[in-house]
Each structure stands twice: as structure tokens, then as C-alpha cells.
Amino acid sequence: MPDIPLGVLDLVPIPSGSTAADALRNSIDLAQQAERLGYARYWFAEHHLNPGVAGTSPAVVLALTASATSTIRLGSGAVQLGHRTALSTVEEFGLLDTLHPGRLDLGLGRSGGRPPGAAKAPLATATPVVDGRAPNGLLVPPRFSFAYLLGSPRVALQRKLLLLPGAESQDYAEQIDDILALLAGTYRSPEGLEAHVVPGEGADVQVWILGSSGGESAEAAGARGLRFAANYHVSPGTVLEAAEGYRAAFQPSDILDKPYVSVSADVVVAEDDDTARELATGYGVWVRSIRTAEGAIEFPTPEEARAHVWTEEDRALVRDRLDTQFVGSPGRVADLLEQLQEATEADELLITTITHDHRDRVRSYALLAEEWRRRGHSSQSS
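About the thresholds
Residues numbered from 1 in each chain as written. Predicted model: local features only at pLDDT ≥ 70, side-chain atom pairs only at ≥ 80, totals over all residues. Heavy atoms only, no water. Helix = DSSP H or I, 4+ residues; strand = E, 2+ residues; numbered from the N terminus. Rg over C-alpha atoms; globule rule 2.2 N^0.38 Å. Buried < 20%, exposed > 50% of the residue type's maximum accessible area, 1.4 Å probe, protein only. Contact = heavy atoms within 4.5 Å. Areas by Shrake-Rupley, 256 points an atom, 1.4 Å probe, with all protein chains shown as cover. Lys, Arg positive; Asp, Glu negative; His and termini not counted. Charge placed at Lys NZ, Arg CZ, Asp CG, Glu CD. Phe/Tyr/Trp six-rings, centres within 6.5 Å; stacked < 30°, edge-to-face > 60°. Lys NZ or Arg CZ within 6 Å of the ring centre and 35° of its normal. Axes fitted to C-alpha atoms, helices over the stretch in contact; angles between N-to-C directions. Parallel < 35°, antiparallel > 145°, perpendicular 65-115°, else oblique. Left-handed = near helix turned anticlockwise from the far one by under 90°. Nonpolar A, V, L, I, M, F, W, Y, C, P; charged D, E, K, R; others polar. Core = buried A, V, L, I, M, F, W, Y, C linked by side-chain atoms within 4.5 Å. Pairing = 2+ DSSP bridges. Patch = residues over 30% accessible without salt bridge, like charges linked within 9 Å, V, L, I, M, F, W, Y side chains within 5 Å. Salt bridge = Lys/Arg side-chain N within 4 Å of Asp/Glu carboxyl O.

Peer 1: Explanation requested: the overall build of the protein chain in the structure shown.
Peer 2: Within the protein chain, the secondary structure is distributed over 14 helices and ten strands. The C-alpha atoms of the protein chain give a radius of gyration of 20 Å, which matches the 21 Å a tight globule of 382 residues would have. When the backbone C-alpha atoms are referred to their principal axes, the protein chain occupies close to 65 × 45 × 45 Å. Looking at the protein chain as a whole, 54% of its 382 residues are labelled buried. Counted over contacts in the protein chain with a minimum sequence separation of 6, partners at least 24 positions apart contribute 77%. For the protein chain, the exposed surface amounts to about 16,400 Å²; the carbon and sulfur share of it is 53%. Distance between charge centres in the protein chain, computed from 33 positive and 51 negative side chains, equals 2 Å.

Peer 1: Can you help me understand unusual backbone geometry in this one?
Peer 2: Negative phi characterises most residues that are not glycine, and trans characterises most peptide bonds. Cis geometry is found at the peptide bond from Gly 77 to Ala 78, where omega equals 15°. Following the sequence through the fold, Ala 78 ends up in the loop between β3 (73-76) and β4 (79-80). Residue Pro 199 is reached from Val 198 by a cis peptide bond, and omega for that bond is -10°. Along the polypeptide, Pro 199 turns up in the loop between α6 (172-184) and β6 (206-211). In the Ramachandran plot, Val 12 falls in the positive-phi region, its phi being about 55° despite a non-glycine side chain. With respect to the element layout, Val 12 can be found in the loop between β1 (6-10) and α1 (20-37). With phi around 70°, Ala 293 is a residue other than glycine that occupies positive phi space.

Peer 1: Could you clarify how one ought to interpret the packing of aromatic side chains in this entry?
Peer 2: When we look at a pair of aromatic rings, we describe it by the centre distance and by the angle of the planes. Applying the stated criterion to the full structure yields ten aromatic pairs. Through a chain of ring-to-ring contacts, the aromatic side chains of Trp 43, Trp 208 and Tyr 260 assemble into a single cluster. Across the ring face of Tyr 260, the terminal group of Arg 227 is positioned such that the distance to the ring centre comes to 5.9 Å. The ring centre of Phe 144 lies 3.6 Å from the NZ or CZ of Arg 291, which sits over that ring.

Peer 1: Sorry if this is basic, but what is going on with the packing of helix α3 (residues 86-99) against α6 here?
Peer 2: Where α3 contacts α6, the axes come no closer than 9 Å and their chain directions differ by 40°. In terms of axis orientation, α3 runs oblique to α6. The crossing of α3 and α6 is right-handed. Side by side, α3 and α6 meet where Ala 86, Leu 87, Thr 89 and Val 90 of the first sit next to Gln 175, Asp 178, Ile 179, Leu 182 and Leu 183 of the second. Per-class residue counts for the contact of α3 with α6 are six nonpolar, two polar and one charged.

Peer 1: Even after reading the chapter, I still don't get the nonpolar core, so can you show me in this structure?
Peer 2: One recurring pattern in soluble globular proteins is that nonpolar side chains are buried together. Tyr 39, Leu 108, Leu 337 and Leu 349 are the most contacted members of the largest nonpolar core, which totals 97 residues. If sequence neighbours within four positions are ignored, Leu 337 has contacts with Ala 265, Val 267, Phe 326, Leu 349, Ile 351, Leu 368 and Trp 372. Val 268, Ala 270, Leu 279 and Ala 280 belong to the second-largest nonpolar core, a separate cluster that totals six residues.

Peer 1: Even after reading the chapter, I still don't get the pairing of β1, so can you show me in this structure?
Peer 2: Remark: a regular strand shows side chains that alternate across the two faces of the sheet. Across the five residues of β1, five count as buried, placing the element largely inside the fold. Taking every second residue as pointing to the same face, both faces of β1 are buried, with Leu 6, Val 8 and Asp 10 on one and Gly 7 and Leu 9 on the other. Here three bridges tie β1 to strand β10 (residues 348-352), and the two strands are oriented parallel to one another. Its bridge partner lying in β10, Leu 6 is registered against Leu 349. Bridging between β1 and strand β2 (residues 41-44) involves three bridges; their strand directions are parallel. Bridge pairing in β2 links Val 8 to Tyr 42.

Peer 1: Teacher, can you tell me more about a nonpolar patch on the surface here?
Peer 2: A contiguous nonpolar patch, built from Leu 49, Leu 157 and Leu 161 and spanning about 270 Å² of accessible area, is present on the exposed surface. When you line up the elements, Leu 49 lands in the loop between β2 and α2 (58-68).

Peer 1: Could you clarify how one ought to interpret the pairing of β10 in this entry?
Peer 2: Counting buried positions along β10 gives five out of five residues, so the element sits mostly inside the fold. Burial of β10 is two-sided: the residues Glu 348, Leu 350 and Thr 352 facing one way and the residues Leu 349 and Ile 351 facing the other way are all buried.

Peer 1: Help me out: how do you make sense of the pattern of salt bridges in this one?
Peer 2: Opposite charge on two side chains lets them pair, provided their charged atoms get close. One pass over the structure, following the stated rule, counts 23 salt bridges. In this structure, the salt-bridge partner of Arg 25 is Asp 22, at a minimum N-O distance of 3.6 Å. Here Asp 22 and Arg 25 lie together in helix α1, a separation of three residues that amounts to about one turn. The exposure class of Asp 22 is partly exposed, given its relative accessible area of 30%.

Rendered as C-alpha cells:
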């Protein structure tokens, strides 16, 4: 098996009984520990109006974390372009790159202020999925529909609060092109005017596109020869479609001569399977809060999670996420991650772990890193 680097995806979760300040301190500590443990990169997600998630501004959290670390790559997973401009994005990461040159990943995503579009039909994949399994046994559950979630009043409120009155989101592919041009110093307006971003122009940042399907994001990344991150942890039913759609659209660029894919997974590791399952008890209730559009709750203790009364509707809402969370001993989880890598042909894997106790979370990443090294994988990324 090839060397596959591991990275970290952090939502800055707030455990029940703690504060946003606690969550930020925990995330900075975890980034320091991930650097020590040899993880290749550390990304922060962007979420809004979630009582249990403090990661509202990747650039701000990245600035705090960059000052507390020295070598690990840091990035956004992802900046939500739906409510911002290409200029503001390049300016923010240009500022970061000024003091921390060559360490930043600018991960871009479509969501945030963008009105829901019509759902696209699933794309056919070259990899056959039979009875919910890829040929190597990876679980690929039925595609989950986010249509009702995107149409919820809460999501509409988020769009209203993120966008200025009367503002409209720019076309996504256009916005990516503007970001690339501003970074390169080649931007020209339709009228022929130049724009030069200081700081920002010439910034040594890696641009990534994040996507959950083989649609617009995968196509945009491939057509521009950019790195692509597919989300098994958000939409496991479409991970094969996303990776294959990106590769099918890929055109060599000055950045890459061949496709480069990262794939994310939800993971909890402990010394043994029973302990890991106990630590992961709160995950289902937490995912339910997201998928009902209530907003992510504070991550519960196992006892708090067990008090939840489950309905069949609840279970159906989170089944794909629960079934595809990798929980267990270091050996068991590493086996599952290697299976995910083989099925998707990922160049890297991005690990997101949430437990109620910060020490358990750090321990999970430490145990996984040790097992991953034992299997001969490196922490170097391209």
C-alpha cells in the first residue's frame, strides 16, 4: 500500500458543560499535538448558527493556530464562498501567508449564503456498488437527500444573516477563477482594469476545492487542475461519485500534472473497541441535531446521549453517518481507513474526531498516528 498521509479536520466542537473559549483552547492544543504526532495538515471547517460549534471563521482560527504551531500545514475545510467575495478571501489568506509563508491551504466550498439549487441526479460510477458495498467491501450507503434541509427556515435565516441586503452570490466557477487570478496577479475586470492584492498576490498557498458529489465542485477542481477533497464523512453515499467525477474532469495545470484527492472520515480510536464505542456514543445525537437543521448541539456525554429517545425517523436521518463512522481499536480503524483509501484511490485521508473529553480526542489521534506509522505510512503530503 502506498504512503498515505493523514490530516485533521476540526469543527472546533463545544462539549456540553464547556464554553466556546474552552473549545478554541482545545483546538489549538490539538493542532500542537497533531504537529508533534506527524499529521500532515490541520484544517478548520466553517459553520454558522450552531450552538455546539465554535468554528465560524477559519481565517481567524487559523491565525491563532499558526502562531501556536511551526511546521504543520494549516487550512480551511472550507471557506464558504457563497457569502464572501474573491477579494476578501485572498486578502485574508494573503495576510496569513505574510507571517506564515508556505504553510496555508485555501480550501474552498460552495455553501454559505447560496440558495439551494435543484438536486442533480446521482452520477454513474465506474466502481460498482452491490448491496451497499464497493468491490473491496467499503460501505457505500444510499445517497442521502439534503433537499429538505436546504429548504428549512433556519437555513434561509442563515443566508439572510450572512448576505448583505440585496446581495447575490457570485457564480462559483467564476469566483474560483477570480481567486486564482488575484493570487497570480493576472486579474483583469471585464473593462480591462487590473487589481493587485497586497498582501495576497503571490501568496504561497495551496488551493483546494471541497465537494460531496461529482457535480460542480468536482468538475471545477478537475478542469483547473486543482487539488480536491471529497467528503466521506458528510455524504458517504456519494464519495465514489465525487472522486471519479473529479478525475474525469481533470486537466493538467501548472499546479498539478495528475489528480490529487483527499478523502475525509469520521473516526474514534481507543485502546479497545468497547472503549471507542463508548466514547462515540454522543455522535448519533449530535449528527441528528445537524440534519434536523436545529444546528449542532454541544457534544453530549455518553450518559446524556443515552437519554435521547430515538424515533424511527431519527434513526433513518443519521443511519448512513453512524454506519460509516470508523470506531474501534487502532488496528480496526486503520484497516477501515486503508479500505477507504483503496476504494477511492485517495492520496491523503482527512480525519475528524469528536469526543466529549478533550483528552480522549487527543488520545484517539495519538493512537491512530502510532498505528499508521507502524504500517509504514509517511506524514509527507504533496
